[in-house]
Structures are given as structure tokens and as C-alpha cells.
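# Examination of the molecular architecture
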Amino acid sequence: MRFYDIIQKKRDGAALSEEEIRYAVDGFTGGSVPDYQMSALLMAIFLRGMDSRELSVLTDAMMRSGETVDLSMFGNLSVDKHSTGGVGDKTTLIVAPIVAALGGKVAKMSGRGLGHTGGTVDKLEAIPGFKTALSREEFLRQVEEIGVAVIGATGNLAPADKKIYALRDVTATVDSIPLIASSIMSKKLASGSQNIVLDVKYGSGAFMKTVEAARQLAGTMVEIGKASGRNMAAVITNMDIPLGYAVGNALEVEESVAVLSGQGPEDLWQVSRALAARMLSLFSGLPDDESTARVEEAVSGGAALRKFEEWIVRQGGRADFIADFIGEPGGLGVSPVRYAYKAAADGYITGMDAEKIGKAASALGAGRAQAGDTIDPLAGIILKRKTGDFCRAGETIAELHTSKDALLEEACAYLDGALTFGPDKPAPQPLISGVIQ
Ligand code: URA
């Protein structure tokens, strides 16, 4: 087989055979196919797309390029959730203990944040002592015994995706629905859960800027998962403004405790409830309304918060901030510098660019500009107002938390660019735009 012929075939719009796709993925991962040929093939896929058969094979080839996790000992109870990334998105910290309290087996591998979006592993590491690396045996034993474990994804999971993504990143081939869908699903399938719920976000802080694109990506990923025998659902959610009020690692952990205590912000609770209910429906077969009621009971009755505490302690984390929670942030520590970002004039907030707010939090120390940068777990932003709220001149819109005064200027510049004001209250936007099952 000649790689040249594979590129030419896709360039001319034909569908590739299984053998050709596996030859390309295995050859590139193994080093026999050079970057320049794989780049040309990726661009041809970007321009010509792939049909569902090709996508299933591509995903499967990437999944099989590294280790896969066998969760078959949990039968139909293994359940995972993946978010396409957003700002203030701490739903894993909320849904994992809820679902574990309801009998699910959540064996989850998560990532770190990069750019304007946060990562679950960084949030968990804001809890002193919490270990995000466990041996395979410890990981599975913990899931067996308490129903939940979350660890950092290792480089051995779908290494083909890692290598292909690095090439896409420098060849303008990242924002292709077939390539994004196969990239995400190769890692999800390798992680082993039988039931997978996707939170596909759209809006200013998301990868997908429009609801139509998010729906298309969700449909493609659901189809790939089903073709591989998994039970799938996708929830399409808004990421035009941050989810909840906290952006930053420790601040987000504390806001998650607020939700699990029944005192969290309404938008974050609604999205968390929808995701947890879909997860429960997939592994239990319960109808949606009953799943939603069970999720509500797990929170109102305290089972979800008790499970959260059990999980944190089991992974070595300090848990006093949970028991001592008083509805305010600060239990995990307080940044030495706090600055009130204020409204310059009276008016409604008509828009909040979530990506710029994520960048502001990152500039304060909550995120990384480059992989490998260290982060300040206490840094971030507590929003005091969100889109649709009225502000008087001089009222605080956001509280900025950081370790150095010098970091405030860049963060304030991002916030200046993120917020728009006007005399009229903007129409509210739907938070959940549909479920694909
Ligand atoms: N996230 C991924 O894992 N892969 C992509 O291609 C895009 C977002």
C-alpha cells in the first residue's frame, strides 16, 4: 500500500477502506509515515470529511494504539461523562459523587486545563493531599468499593490521538467535526465505560461557537460510541457565559460543595442534574423523570455530599472544608490579593465573553499558557453579576483572587474586553438546548 494513494483517494472525495485507515494510523503512530504525509491526509479529511463507517474505523484504530481499560467487572454499571470544555465547568466534581451514590461505577480519567478552559485534575489537586495518580489496581479497587475514582489520564491512552492532535494543532486542522469526534471518542472508548454521557458545549467559551455545530458534533460522537456497542447520550449546553459564579480551581471545588449541599447556583445545578440524570438513565434503564427525581433526592438527602467526602478522603485529600462549609468560599484557603472589579456606569450586562473570562482567570494564575506551567490553586474569579443582571456604577461585578498585584492588570484588561453593557435587559438564553440519545 502506498501512502500517496491514500492521500490522493481522500483528496478526491472517496471513502477510505478499513485497511487504508488502519495503515495510516498505525504507520504514523509507529513512525513509518512522516509528518508531511499525515498532514496532507489530515487536510484532505478536513476538506472532504468522513462517512460514519470511516469514522468508526478511525476512532477504533486510535483507541487501539495504546492501553485500554477493562471495566467489564462492573457489568452495565460503568458510566463516564465527558465535557467538550468550558469556563467554570466543574460538573464532574458534582455528577461523579451523585451517580456513585445512586449505584453507578464512575472510573474516570480526566485532563488538565490549557488555555482558557479548566481541567478536572487541576481542580482536584487544589484539595491539599488529593492524589490524581493511582495504580491500575488501586483505581479499580476504589471504584469497586466506593463507586468513584478520578485520576489524570496517562499518555498511554490513545497515543495515536496525542500525536495526530499535535500535528493538527500546527496544520490548521483542529476544527473539523470528524477529527474532533474521533479524537474525543478514541479516548472515551479506551477508558472502558459501557455508558457515556457527553456534555457538548456551544458559545463564546466553547470549542463549538454555534448550537448547530455542537449538535452535529454530538450526533457524530453518539454514532461512533453506539457503533462500538456503548450506550450513549449527549446534552447540548450553553457556554456563552461561565457556568456558576466561580472560575479557578479551589474556588470551583468550593462551589461544587455548595451545589452538593443544595446551595449552589441554579445554572450549575441544572446542567449537573441533567447530566447526572442521563448517566443514571443509561446504566439503570430508569425513565428520565424518575432519574431526575433520584438525582434530586441524592442531593437533598445528603447522600451525594457524603459520597463526595468519602471520595476525597479515599484519594488522600483533606476534607475539613466539606464539613465546615458555610456557603462561602475560603475553606481551601484565601488568596493574599483580592481585588473588586467594578462597573463604570449604570446598566444591564448584555454579554459576557466566557473565553475572555477564562483568560482573565488564567492570567491571575488559575491556568496555564503552556503545558507544564505551574498554577496557583487559589487564584481565580468569583463573579458577583452575570449576563442579564443590572449593575449600578461602582458596584462589584467580579472579585479577582491572585497571589500578586502585578497580575491584576492583564486580568482586568481581559474583563474590560469580555463585558458589554446596555440600557435594556437581554433576553435569557436557554441553558440546555437538547439531548441526543
Ligand atoms: N478535544 C479533544 O480531545 N480533541 C479534539 O480534537 C478537540 C478537543
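Now for a description of the structure that goes with this document. Small disclaimer: the values here were computed from a predicted structure and weren't measured.

## Here we look at the site of the ligand
Around the ligand sit Tyr 165, Arg 168, Ile 180, Ser 183, Ile 184, Lys 187 and Phe 207, and those are all the residues in its vicinity. Interatomic distance of 2.6 Å between a side-chain N/O atom of Ser 183 and a nitrogen atom of the ligand. Measuring from an oxygen atom of the ligand, one finds a side-chain N or O atom of Lys 187 at 2.5 Å. The protein chains hide 85% of the 230 Å² of surface that the ligand would expose on its own. Among the elements that take part in the shell around the ligand, helix H9 (residues 177-190) stands out by supplying four residues, more than any other. In terms of residue class, the shell around the ligand is built from four nonpolar, one polar and two charged.

## Thoughts on the side chain of Ser 204
With respect to the helices and strands, the residue Ser 204 is situated in the loop between strand E4 (195-202) and helix H10 (211-227). Judged by relative accessible area, Ser 204 falls into the buried class, the value being 17%. A distance of 2.8 Å separates a polar side-chain atom of Ser 204 from the backbone oxygen of Asp 240. Of the polar contacts made by the side chain of Ser 204, one reaches the backbone nitrogen of Ala 354; its length is 2.9 Å. Apart from residues lying up to four places away in sequence, Ser 204 is in contact with Lys 209, Met 239, Asp 240, Met 352, Asp 353, Ala 354 and Glu 355.

## Side note on the packing of aromatic side chains
Counted according to the given criterion, the structure contains three aromatic pairs. With a centroid separation of 6.3 Å and 85° between ring planes, the pair formed by Phe 130 and Trp 311 is classed as edge-to-face. Placement of Phe 130 in the loop between helix H6 (120-125) and helix H7 (136-146) and of Trp 311 in helix H14 (residues 303-314) is noted, with a sequence separation of 181 residues between them. For Phe 130, a relative accessible area of 7% puts it in the buried group. Judged by relative accessible area, Trp 311 falls into the buried class, the value being 0%. With a centroid separation of 5.7 Å and 85° between ring planes, the pair formed by Phe 308 and Trp 311 is classed as edge-to-face. Taken together, the residues span about one helical turn, with Phe 308 and Trp 311 both in helix H14 at a distance of three residues. Exposure class is identical for Phe 308 and Trp 311. Each is buried.

## Brief notes about the nonpolar core
Membership of the largest hydrophobic core comes to 79 residues, with the highest contact counts inside it found for Ile 98, Phe 308, Trp 311, Ile 381 and Leu 400. In terms of residues, this core owes the most to one element, helix H12 (residues 266-284), which gives 10 residues. Split by domain, this core shows at least three residues from each of two domains, domain 2 (72-323) and domain 3 (337-422). The contacts of Ile 98, once residues within four sequence positions are left out, are Leu 260, Trp 269, Ala 276, Val 295, Ala 298, Val 299 and Ala 304. In terms of nonpolar packing, the next biggest core, distinct from the first, is built from 59 residues, Leu 16, Leu 55, Phe 74 and Ile 164 among them.

## Comments concerning the pairing of E4
In terms of burial, E4 is a largely internal element, eight of the eight residues being buried. Taking every second residue as pointing to the same face, both faces of E4 are buried, with Asn 195, Val 197, Asp 199 and Lys 201 on one and Ile 196, Leu 198, Val 200 and Tyr 202 on the other. Strand direction decides the pairing type here: strand E1 (residues 79-83) and E4, joined by five bridges, are parallel. Note on E4: the bridge partner recorded for Ser 83 is Asp 199.

## Overview of the packing of H12 against helix H13 (residues 288-300)
Here H12 crosses H13 at 120°, and the two axes come no closer than 8 Å. Taken together, the axes of H12 and H13 lie oblique to each other. Read as a crossing pair, H12 and H13 show a hand that is right-handed. In this structure, H12 contributes Trp 269, Arg 273, Ala 276, Ala 277, Arg 278, Leu 280 and Ser 281 to the contact, and H13 contributes Asp 288, Ser 291, Thr 292, Arg 294, Val 295, Glu 296 and Val 299. Each residue belonging to the contact of H12 with H13 can be placed in one class, and the counts come to six nonpolar, three polar and five charged.

## So, the packing of helix H1 (residues 3-11) against helix H3 (residues 35-48)
Two numbers describe how H1 lies on H3: the axes approach to 8 Å, and their chain directions differ by 15°. The pairing of H1 with H3 is recorded here as roughly parallel in orientation. Relative to H3, the crossing made by H1 is left-handed. Counting all contacts with H1, which are made through Phe 3, Tyr 4, Ile 6, Ile 7, Lys 10 and Arg 11, the residues of H3 involved are Gln 37, Met 38, Ala 40, Leu 41, Ala 44, Ile 45 and Arg 48.

## Quick look at unusual backbone geometry
Even without a glycine there, the phi angle at Ala 158 is positive, about 45°. In this structure, Ala 158 sits in the loop between strand E3 (148-152) and helix H8 (159-169). On the accessibility criterion, Ala 158 (1% relative accessible area) is buried.

## Things to note about the sheet that holds strand E12 (residues 419-422)
Strand order in the open sheet made by the three strands is E10-E8-E12, with antiparallel pairing throughout. In the strand order of this sheet, the two ends are held by strand E10 (390-391) and E12, each with one partner. Of the strand pairs in this sheet, strand E8 (residues 347-352) and E12 are connected by four bridges, and their pairing is antiparallel. Bridge pairing in E12 places Gly 351 opposite Thr 420. Here helix H17 (residues 408-418) sits on the sheet in contact with E8 and E12, set at roughly 45° to E12.

Conventions and cut-offs
Going along each chain's sequence as written, the residues are numbered from 1 onward. Local features in this predicted model are restricted to residues of pLDDT 70 or higher, and side-chain atom pairs are both shown and tallied only at a pLDDT of 80 or more, whereas totals for entire chains, interfaces and linings draw on every residue. Water and hydrogen atoms play no part in the side-chain values, which are based on all heavy atoms of the structure. Each residue is tested against the molecule or strand, and it is near if at least one of its non-hydrogen atoms lies within 4 Å. Throughout this description, a polar contact denotes any pair of N or O atoms lying within 3.5 Å of each other; where both atoms belong to protein, one of them has to be capable of donating a hydrogen while the other can accept it, and for residues adjacent in sequence the pair is counted only when both atoms sit in side chains. To be clear on the numbers: accessible area is Shrake-Rupley with a 1.4 Å probe, and residue cover counts the displayed protein chains and nothing else. Elements are defined by DSSP. Helices are runs of H or I of four residues or more, strands are runs of E of two residues or more, and each kind is numbered from the N terminus. Put simply, Ala, Val, Leu, Ile, Met, Phe, Trp, Tyr, Cys and Pro go in the nonpolar bin, Asp, Glu, Lys and Arg in the charged bin, and everything else, Gly too, in the polar bin. A 1.4 Å probe rolled over the protein chains alone gives each residue an accessible area, and that area as a share of the maximum for its type sets the label: buried under 20%, exposed over 50%, partly exposed in between. Two residues qualify as a contact provided that any one of their heavy atoms is within 4.5 Å of a heavy atom in the partner residue. In summary, the pairing rule links any two rings of Phe, Tyr or Trp, Trp by its six-membered ring, whose centres are within 6.5 Å, and it sorts them by plane angle into stacked for under 30 degrees, edge-to-face for over 60 and tilted for everything else. Remark: nonpolar core denotes a set of buried residues (Ala, Val, Leu, Ile, Met, Phe, Trp, Tyr, Cys) joined through side-chain atoms within 4.5 Å. All domain edges in this entry derive from an automatic or database-based domain assignment. Pairs of strands are assigned from DSSP output, requiring at least two bridges between the strands. Axis lines are fitted through C-alpha atoms, for helices just across the contact stretch, and the angle between N-to-C directions can take any value from 0 to 180 degrees. Any angle that is under 35 degrees is reported as roughly parallel, and any over 145 degrees as roughly antiparallel; angles of 65 to 115 degrees are reported as roughly perpendicular and all others as oblique. Crossing handedness is read from the near helix: turned anticlockwise from the far helix by less than a right angle, it gives a left-handed crossing, and turned clockwise, a right-handed one.

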